[in-house]
Amino acid sequence: MKEPLSNIDPIRREGLHQAVVVRLREAIVEGKISPGSRLSERLLCEQMGVSRTPMREAFKVLAGENLIHILPNKGAVVPRMSIEEVIQTFEVIAALEGLSGQLAAQRASPEQLLRVQKLQSDMEAAHQRGNLSRYYSLNSDIHSLIAEASHNPVLKENYCAINARLQSLRFRSNLNQSKWDKAVREHAQIARALTRRDGEKLATLLIAHLKAKCDIVVDLLKEEQLQSEQTK
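Residues numbered from 1 in each chain as written. Predicted model: local features only at pLDDT ≥ 70, side-chain atom pairs only at ≥ 80, totals over all residues. Heavy atoms only, no water.

**Student:** What's the story with helix α6 (residues 132-149) in this structure? I'm lost.
**Tutor:** Within an α-helix, residues lying three or four positions from one another point in the same direction, as the helix has 3.6 residues per turn. The terminal C-alpha atoms of α6 lie 25 Å apart, and with 18 residues this matches the ideal 26 Å at 1.5 Å per residue to within 8%. Turning to α6, its buried residues number three or more, namely Leu132, Tyr135, Tyr136, Leu138, Asn139, Ser140, Ile142, His143, Leu145, Ile146, Ala147 and Ala149. (Helix = DSSP H or I, 4+ residues; strand = E, 2+ residues; numbered from the N terminus. Expected span 1.5 Å × (residues − 1). Buried < 20%, exposed > 50% of the residue type's maximum accessible area, 1.4 Å probe, protein only.)

Right, here's the structure in full:
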């Protein structure tokens, strides 16, 4: 079953390959293309106004990020995770973010600390405007910067690979306004702990933040599962 694509805008001529990657990544993360959907190369090319070459290159990039799976003779599919897989993946990413926080507090450069403060300020502004798409982009940048500030390439590589599987779920965890507000407050505490180079506090905050995200996501998935069973 192919997902409707009416909410994805056409691609202009500039930087086609990267533009397709950005547009499809955003659509997957923000749920415009839902888990389990098959991606029709032909339909996407028609809608975005591009040839198959940049589309195929984009598919390869997104497959490398684990945002899609390319199946032999079946094309590309947006993977769907079970509740058990979601819980297990959040457990791993929480541990990785906790370690990233401990190391970043010790190793972050002054420039990286300033970047986190700037991103936090911009993210809070996006939250005040109700711009979830912009908020999530900045939120993701903060988490990635903490991993980068650990100055441990192995840790960052594993963090990025595993976090890619959770991006759409992390985005959805902010759809409830009160829970989104709570997440913003948690991030303010995270930014302060990093700025003060309090590694123990930062690790505790990051792990708790990810645990809260996991609980929200699991509740959403259970609710969807129940609704699906009731409509059968």
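Having seen the structure, we can now continue with the description.
**Student:** How should I be thinking about the side chain of Glu41 in this particular structure?
**Tutor:** Examined against the element boundaries, Glu41 turns out to sit in helix α2 (residues 41-48). Accessibility expressed as a relative area gives 17% for Glu41, which makes it buried. Separated by 3.5 Å, the side chains of Glu41 and Arg52 make a polar contact. Those residues in contact with Glu41 that sit more than four places away from it in its chain are Arg52, Met55, Arg56 and Phe59. (Polar contact = N/O pair within 3.5 Å; in protein donor to acceptor, adjacent residues only side chain to side chain. Contact = heavy atoms within 4.5 Å.)

**Student:** Which parts of the structure should I look at to understand the nonpolar core?
**Tutor:** When a protein is soluble and globular, its nonpolar side chains tend to lie buried together. Counting residues in hydrophobic clusters, the biggest one holds 27 residues, and the most contacted among them are Tyr135, Ile146, Ile190, Leu194 and Leu202. Looking at this core, the elements with two or more residues in it are α5 (110-129), α6, α9 (177-195) and α10 (199-230). Of the residues forming this core, the biggest block, 8 residues, is contributed by α6. One finds Leu16, Leu24, Leu44 and Phe59 within the second-largest nonpolar core, a separate group that totals 20 residues. (Core = buried A, V, L, I, M, F, W, Y, C linked by side-chain atoms within 4.5 Å.)

**Student:** Please explain helix α3 (residues 52-64) as it appears in this structure.
**Tutor:** End to end, α3 covers 18 Å across 13 residues, agreeing with the expected 18 Å (1.5 Å per residue, within 8%). Buried residues of α3: Pro54, Met55, Ala58, Phe59 and Leu62, and no others. Projected onto a plane normal to the axis of α3, the buried residues spread over an arc of 145 degrees and lie on a single side. Facing away from the buried surface of α3 by more than 90 degrees, the exposed residues are Thr53, Lys60 and Gly64. Buried positions along α3 lie against α1 (16-29), β1 (38-39), α2, β2 (69-71) and β3 (75-77). Phi turns positive, to about 65 degrees, at Asn66, one or two residues after α3. (Arc of directions from axis to C-beta.)

**Student:** Help me understand unusual backbone geometry, please; the structure alone is not making it clear to me.
**Tutor:** Residues apart from glycine generally show negative phi values, whereas peptide bonds are mostly found in trans. Phi is positive for Asn66, close to 65 degrees, though the residue is something other than glycine. Mapped onto the elements, Asn66 comes out in the loop between α3 and β2. Backbone geometry at His151 places phi at a positive 55 degrees, although glycine is not the residue there. When you line up the elements, His151 lands in the loop between α6 and α7 (153-163). With relative accessibility at 45%, the residue His151 sits in the partly exposed group.

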